[in-house]
Amino acid sequence: MDKFTPGPWHVGFANVKENEISHIGVRSKEWVVCEVQTDVDDLPGEANAQLIAAAPDLLAALVALSNLAQECIENISDDEQAVIEVARAAIEKATKDAK
């Protein structure tokens, strides 16, 4: 995961309006990670920016929980194993080209 911009990320509202379009910036300490383009006062746009800003923390938590779950469960059920596999698939999707 070394190729990712290090977290934490936060939402910085640039609110640059061009023809009723607003740009919401997601930033790290040093970089703009992305801009979410949205209609003015579009709450889903703000929610999307918040979700993107949470990505480094969500990935770290998912990796930690996945590892902990595997270590803690001795007699794991098929359903529990399926949940761990879904978590690992999400981790792989987020990191496969970034290693």
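Residues numbered from 1 in each chain as written. Predicted model: local features only at pLDDT ≥ 70, side-chain atom pairs only at ≥ 80, totals over all residues. Heavy atoms only, no water.

Put simply, the chain has an average pLDDT of 80, and 83% of its residues get 70 or more. Element-level pLDDT for the chain is lowest in strand β2 (residues 21-27), with a mean of 79, against a maximum mean of 86 in helix α2 (residues 78-95). (pLDDT = per-residue confidence, 0-100. Helix = DSSP H or I, 4+ residues; strand = E, 2+ residues; numbered from the N terminus.)

Let's shift gears to the nonpolar core. Considering soluble globular proteins, one finds that nonpolar side chains tend to be buried as a cluster. Membership of the largest hydrophobic core is limited to 7 residues, which are W9, V11, I24, V26, V36, A49 and A53. Those residues in contact with V36, other than ones at most four positions away along the chain, are S22, H23, I24, G45, A49 and I52. (Core = buried A, V, L, I, M, F, W, Y, C linked by side-chain atoms within 4.5 Å. Buried < 20%, exposed > 50% of the residue type's maximum accessible area, 1.4 Å probe, protein only. Contact = heavy atoms within 4.5 Å.)

Locating S66 in the fold gives a position in helix α1 (residues 43-72). Classification of S66 as buried rests on a relative accessible area of 3%. Every residue in contact with S66, bar those within four places of it in the chain, is listed here: I84, A87, R88 and I91.

With that settled, consider α2. Helix length check: α2, at 18 residues, gives a terminal C-alpha distance of 25 Å against a target of 26 Å (1.5 Å per residue), a fit within 8%. Here α2 has its buried residues at Q81, I84, A87, I91 and T95. Along the axis of α2, the buried residues cluster in a sector spanning 120°; they form a single face. Opposite the buried face of α2, by more than 90 degrees, sit the exposed residues D78, D79, V83, V86 and K93. (Expected span 1.5 Å × (residues − 1). Arc of directions from axis to C-beta.)

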